[in-house]
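The primary structure of each chain is shown beneath.
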Amino acid sequence: MKKMLTLVLLSLSFSLSAQIADLPENICPLLIGEKIPNTILHNEQGKAVETDDILAKKTVLVVYRGGWCPYCNSQLSDLQDIENQILQLGYQIIAVSPDAPSFIKQTEEKKELAYQLFSDSEGVFSQALGIAYKKEKAKLDKFSEGKNPGFLPVPSVYVLNGKREIEFLYINPNYAERLDGNLLLAVLKAL
């Protein structure tokens, strides 16, 4: 029995590490029609929250590199500008980064964001989505408080129905290219 449990744990560990691509161009993301798996994220106070709970209604899910990234900050501000329109269409906005809870709190306060930010500092969520790629750990330790195993997510936008199923996604390995807010609104109106 111990041997079987060890093998299961090793295979689980291997499959998680295998989901961190060597380059952003080599990720293998979940696709339209697939369901976002239940994993754990952390809110700004560091409290563990299951994705089953936070994604239980129609959601615009944004996964970004971190509050230190100027392209991410621009994207977060753009979302804030159209948040009321997104809410009127029946969606919530959830943003996730590898930043530690203390850093997502700083981003929320600095940008005066009304929507929720969550921490994926250990990369479990990004790996489950198939959007994690290897990045030098030393450069990421400051913002993850040493928890980042050496990854960044490829910036992504998912539109989910209330069952956590992907109805639309935008993923671009070029971190400088982001989904325009007007295009996002057009997609939401069409769904």
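Shown above is the structure to which this text applies.
First, a word on scope: everything that follows refers to the structure included in this document. (Residues numbered from 1 in each chain as written. Predicted model: local features only at pLDDT ≥ 70, side-chain atom pairs only at ≥ 80, totals over all residues. Heavy atoms only, no water.)

**Points about the overall build of the chain**
Looking only at helices and strands, the chain features seven helices and nine strands. A burial count over the chain gives 46% of its 191 residues as buried. Sequence separation of at least 24 residues holds for 67% of the intrachain contacts in the chain that already meet a minimum separation of 6. When the accessible surface of the chain is summed, it comes to about 9,800 Å², and 54% of that surface belongs to carbon and sulfur atoms. (Helix = DSSP H or I, 4+ residues; strand = E, 2+ residues; numbered from the N terminus. Buried < 20%, exposed > 50% of the residue type's maximum accessible area, 1.4 Å probe, protein only. Contact = heavy atoms within 4.5 Å. Areas by Shrake-Rupley, 256 points an atom, 1.4 Å probe, with all protein chains shown as cover.)

**Looking at the environment of Leu191**
Position of Leu191 relative to the elements: it lies in the segment after α7 (181-190). In the structure, Leu191 is positioned 32 residues away from Val159 in sequence and 9.3 Å away in space, judged by C-alpha atoms.

**Here's the deal with the pattern of salt bridges**
Two side chains that carry opposite charge are able to pair once their charged atoms sit near each other. For the structure shown, the criterion picks out one salt bridge. The salt bridge involving Arg164 is made with Asp52; its shortest N-O contact spans 2.7 Å. Of this pair, Arg164 sits in the loop between β8 (156-160) and β9 (166-171) while Asp52 is found in helix α2 (residues 51-54), placing the two residues 112 residues apart along the sequence. (Salt bridge = Lys/Arg side-chain N within 4 Å of Asp/Glu carboxyl O.)

**Description of the side chain of Gln92**
Mapping Gln92 onto the fold places it in strand β4 (residues 92-97). Polar side-chain contacts of Gln92 include one of 2.6 Å to the backbone oxygen of Ile54. The contacts of Gln92, once residues within four sequence positions are left out, are Ile54, Leu55, Lys57, Lys58, Thr59, Val60 and Leu87. (Polar contact = N/O pair within 3.5 Å; in protein donor to acceptor, adjacent residues only side chain to side chain.)

**Notes on the packing of aromatic side chains**
The final tally for this structure, using the stated rule, is three aromatic pairs. Considering the side-chain rings of Trp68 and Phe143, the 6.2 Å spacing of their centres and the 35 degrees angle between planes classify their relative orientation as tilted. With a gap of 75 residues between them, Trp68 in the loop between β3 (59-63) and α3 (70-88) and Phe143 in helix α6 (residues 137-144) connect regions that are remote in the sequence. A relative accessible area of 30% means that Trp68 is categorised as partly exposed. For Phe143, a relative accessible area of 22% puts it in the partly exposed group. (Phe/Tyr/Trp six-rings, centres within 6.5 Å; stacked < 30°, edge-to-face > 60°.)

**Focus: empty space enclosed by the protein**
Following the criterion strictly, the structure yields one cavity of 30 Å³ or more and no others. Of the pockets and cavities examined, the largest cavity occupies roughly 40 Å³. Lining the largest cavity are Arg65, Trp68, Pro98, Asp99, Leu140, Phe143, Ser144, Asn148 and Leu152. When residues of the lining of the largest cavity are assigned to their parent elements, the largest contribution, three residues, is made by α6. Tallied by class, the residues present in the lining of the largest cavity amount to five nonpolar, two polar and two charged. (1 Å grid on protein atoms, 1.4 Å probe; cavity = no way out; pocket = protein on both sides within 12 Å on 5 of 7 lines; lining within 4 Å. Points joined across faces, edges and corners; volume = space filled by probe spheres on them. Nonpolar A, V, L, I, M, F, W, Y, C, P; charged D, E, K, R; others polar.)

**Focus on the environment of Leu117**
On the secondary structure map, Leu117 appears in strand β5 (residues 116-119). Residue classification places Leu117 among the buried positions, given a relative accessible area of 3%. On a C-alpha basis, the gap between Leu117 and Val63 in space is 9.7 Å, while along the polypeptide they are 54 residues apart. Leaving out residues up to four positions away in the same chain, Leu117 has contacts with Asn43, Glu44, Tyr64, Ala95, Ile104, Thr107 and Glu108.

**With respect to the state of the cysteines**
Going through the model one piece at a time under the given rule, you end up with zero disulfides. With no disulfide of its own, Cys69 lies 3.2 Å from the sulfur of Cys72, the closest cysteine sulfur. (Disulfide = S-S within 2.5 Å.)

**Comments concerning unusual backbone geometry**
In the Ramachandran plot, Glu145 falls in the positive-phi region, its phi being about 55 degrees despite a non-glycine side chain. Glu145 gets classed as partly exposed once you look at its relative accessible area, which sits at 47%. Phi at Arg164 is positive, roughly 65 degrees, even though this residue is not glycine.

**Structural notes on α7**
Along α7, the positions that sit buried rather than exposed are Gly181, Leu184, Leu185, Val187 and Leu188. Relative to the axis of α7, the buried residues are bounded by an arc of 160 degrees and lie together on one face. Among the exposed residues of α7, those oriented more than 90 degrees off its buried face are Asn182, Lys189 and Ala190. Elements in contact with the buried residues of α7: β3, α3, β8 and β9. Backbone nitrogen of Asn182 and a side-chain oxygen of the N-cap are separated by 2.9 Å at the start of α7; the cap is Asp180. (Arc of directions from axis to C-beta.)

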